[in-house]
Amino acid sequence: MTAPDGAVLAASAALDQVESVAALFQPVVELATGAVVGYEALARWPSPSLAVPEDVFALARERGMVGRVDVACRAAALRAARERAYSRRVRFFLNIEPGCFVDERDVDVHLDAIGDDLDVVLEITERDLDRNVPLLMTLVRGARARGMSVAMDDVGATPATLELLDSVAPDIVKLDASIVRSPYRSRAAVRQVRAYVRSSDAVLLAEGIETPGHLRRAVSLGATLGQGWLFGRPMPLPNPPI
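Conventions adopted
Here the residue numbering is sequential within each chain, running from 1 through the sequence in written order. Since the coordinates come from a predicted model, pLDDT governs what is reported: local features require at least 70, and pairs of side-chain atoms require 80 or more to be given and counted, while whole-chain, interface and lining totals use all residues. Based on all heavy atoms of the structure, the side-chain values leave hydrogens and waters out of the count. Secondary structure elements are defined from DSSP: runs of H or I of at least 4 residues count as helices, runs of E of at least 2 residues count as strands, and each element is numbered from the N terminus. Exposure is judged per residue with a 1.4 Å probe applied to protein chains only, and the accessible area is read against the type maximum: over 50% gives exposed, under 20% gives buried, and values in between give partly exposed. Throughout this description, a polar contact denotes any pair of N or O atoms lying within 3.5 Å of each other; where both atoms belong to protein, one of them has to be capable of donating a hydrogen while the other can accept it, and for residues adjacent in sequence the pair is counted only when both atoms sit in side chains. Residue contacts are defined here by distance: any two heavy atoms, one from each residue, within 4.5 Å place the two residues in contact. What makes a salt bridge here is a side-chain nitrogen of Lys or Arg within 4 Å of a carboxyl oxygen of Asp or Glu, nothing more. Between any two strands, pairing holds if DSSP finds at least two bridges. Known as pLDDT, the predictor's per-residue confidence is scaled from 0 to 100. Paired rings are identified among Phe, Tyr and Trp, the last through its six-membered ring, by centres lying within 6.5 Å, and are further divided according to the angle between planes into stacked (under 30 degrees), edge-to-face (over 60) and tilted (the rest). Geometrically, a charge over a ring is one whose NZ (Lys) or CZ (Arg) sits within 6 Å of the ring centre while staying within 35 degrees of the ring normal. We call a set of buried Ala, Val, Leu, Ile, Met, Phe, Trp, Tyr and Cys residues a nonpolar core when their side-chain atoms join them within 4.5 Å. Throughout, an axis means a line fitted to C-alpha atoms (over the contacting stretch in the case of helices), and angles, computed between N-to-C directions, take values from 0 to 180 degrees. Amino acids outside the nonpolar list (Ala, Val, Leu, Ile, Met, Phe, Trp, Tyr, Cys, Pro) and the charged list (Asp, Glu, Lys, Arg) are all regarded as polar, and Gly is one of them.

Asks: Help me understand the side chain of H214, please; the structure alone is not making it clear to me.
Replies: By secondary structure assignment, the location of H214 is in helix α10 (residues 212–220). Since its relative accessible area comes to 15%, H214 is described here as buried. Of the polar contacts made by the side chain of H214, one reaches the backbone nitrogen of E210; its length is 3.1 Å. Residues within four places of H214 in sequence aside, it is in contact with V180, R181, G208 and I209.

Here it is in structure tokens:
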């Protein structure tokens with residue numbers, strides 16, 4: 001039998017202490033001014049696990065634990081925002097896994113747990129996006145009924161993000177970092193995204209901006225919001241602006 005590698009062991013350790021997950025926050029900025037308009041919450045497990053979130057979610061899917069991990073990650077982010085008394089002046093981008101729901105009641109439970117005291121953008125991840133489209137649409141309708149905006153994450157990374165773009169009709173399209181960094185490999189995806197943005201009131205957000213060249217590319221694509229190491233790495237949530 002092959003021994004598990006370090007990544008699997010780290011992910012397994014994280015799942016064993018799933019409630020210890022913490023949130024770091026990466027700023028979302030207005031590209032024209034550099035002003036911070038929101039934060040995306042990102043899951044991190046404490047040492048000694050050193051687990052990569054993608055590995056944790058992959059193992060969680062194998063073990064049927066995605067819903068539990070998903071809830072724990074959002075709860076950590078919401079707890080941090082409330083401890084620092086954030087108001088609705090700053091938007092919080094909270095990831096949600098579309099493949100973790102059992103039924104429509106389960107969708108309601110997840111959404112109700114978020115509350116209504118913060119300005120939340122529910123960011124639908126690309127993982128398992130097309131696994132159960134009726135439940136995905138229940139999620140989108142439920143989020144909007146509760147006053148949340150909807151973002152679609154990593155658009156262009158998988159065929160499903162493009163195929164479901166018109167159906168989900170996200171308020172914010174998060175363009176995958178690969179498109180910002182490799183402009184000539186993704187022309188068809190760019191055309192589809194730009195057509196959707198033109199035909200709707202959606203905002204285009206470019207991910208993975210790390211250099212001035214990436215920033216220029218993002219602006220040329222029509223992005224008005226962005227995030228990436230050029231603006232700030234994931235960090236503990238700062239105190240709210242006065």
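And the narrative resumes.
Asks: Just checking my understanding: could you explain the pattern of salt bridges for this structure?
Replies: According to the stated counting rule, one finds 13 salt bridges in the structure shown. Salt-bridge contacts for D70 lead to R74; the nearest nitrogen and oxygen are separated by 2.6 Å. Separated by four residues within a single helix, D70 and R74 lie in helix α3 (residues 66–83), roughly one turn from each other. By relative accessible area, which is 5% here, R74 ends up buried. K174 serves as the salt-bridge partner of E123, at 3.0 Å between the closest nitrogen and oxygen. On the criterion of sequence distance, the pair formed by E123 in strand β4 (residues 119–124) and K174 in strand β6 (residues 172–175) is long-range, its members being 51 residues apart. It is possible to trace a salt-bridge network through shared partners that takes in E40, E123, K174 and E207.

Asks: Is there a simple way to think about the environment of L204 in this case?
Replies: Inspection of the secondary structure puts L204 in strand β7 (residues 203–206). A relative accessible area of 4% places L204 in the buried class. Each C-alpha atom, one on L204 and one on L42, is 20 Å from the other, the two residues being 162 residues apart in sequence. Discounting residues that sit within four places of it in the chain, L204 has contacts with V173, L175, V193, V197, L221, G222, A223, T224 and L225.

Asks: What exactly am I supposed to notice about the sheet that holds strand β1 (residues 22–30) here?
Replies: By definition, the strands of a sheet pair up through backbone hydrogen bonds, in either a parallel or an antiparallel sense. Taken in spatial order, the eight strands close into a barrel running β1-β2-β3-β4-β5-β6-β7-β8, and their pairing is mixed. Of the strand pairs in this sheet, strand β5 (residues 149–155) and β6 are connected by three bridges, and their pairing is parallel. When the bridges of β6 are listed, A151 appears paired with I172.

Asks: So what exactly am I meant to see when it comes to the confidence of the model for the chain here?
Replies: Low-pLDDT portions of the prediction should not be read for the details of their coordinates. Of the residues in the chain, 95% reach a pLDDT of 70 or more, and the chain-wide mean stands at 90. The spread of mean pLDDT over the elements of the chain runs between helix α1 (residues 6–16), the lowest at 83, and strand β8 (residues 225–226), the highest at 98.

Asks: Quick question: what am I supposed to make of the packing of aromatic side chains here?
Replies: How two aromatic rings sit relative to each other is set out by the distance from centre to centre and by the angle between their planes. In the structure shown here, the tally under the stated rule is four aromatic pairs. Taking 5.2 Å as the distance between ring centres and 85° as the angle between the ring planes, the aromatic pair formed by Y86 and F92 counts as edge-to-face. Each of the two residues, Y86 as well as F92, counts as buried. Aromatic rings pair up to connect F25, Y39, Y86 and F92 into one cluster. In this arrangement the basic side chain of R127 is found over the ring face of F57, its NZ or CZ atom lying 5.0 Å from the centre. Lying across the ring of W229, R233 places its NZ or CZ 3.6 Å from the centre.

Asks: Sorry if this is basic, but what is going on with the nonpolar core here?
Replies: Within soluble globular proteins, side chains that are nonpolar generally end up buried alongside one another. Within the largest apolar cluster, 76 residues are counted, with the highest numbers of intra-cluster contacts made by F25, V69, F92, I124, V168 and V193. Element by element, the count of residues in this core is highest for α3, at nine residues. Setting aside its immediate chain neighbours within four residues, F25 contacts Y39, E40, A41, A77, A80, F92, R233, P234, M235, P236 and L237. Within the second largest apolar cluster, seven residues are counted, among which are V28, V121, A151 and L225.

Asks: Sorry if this is basic, but what is going on with the packing of helix α2 (residues 53–63) against α3 here?
Replies: A packed helix pair is summarised by two numbers, namely the angle formed by the two axes and the spacing between the axes. Between α2 and α3, the shortest axis-to-axis distance is 8 Å and the interhelical angle comes to 145°. Where α2 abuts α3, its residues V56, F57, A60 and R61 lie against V66, V69, D70 and C73. Class assignment of the residues belonging to the contact of α2 with α3 gives a composition of six nonpolar, no polar and two charged.

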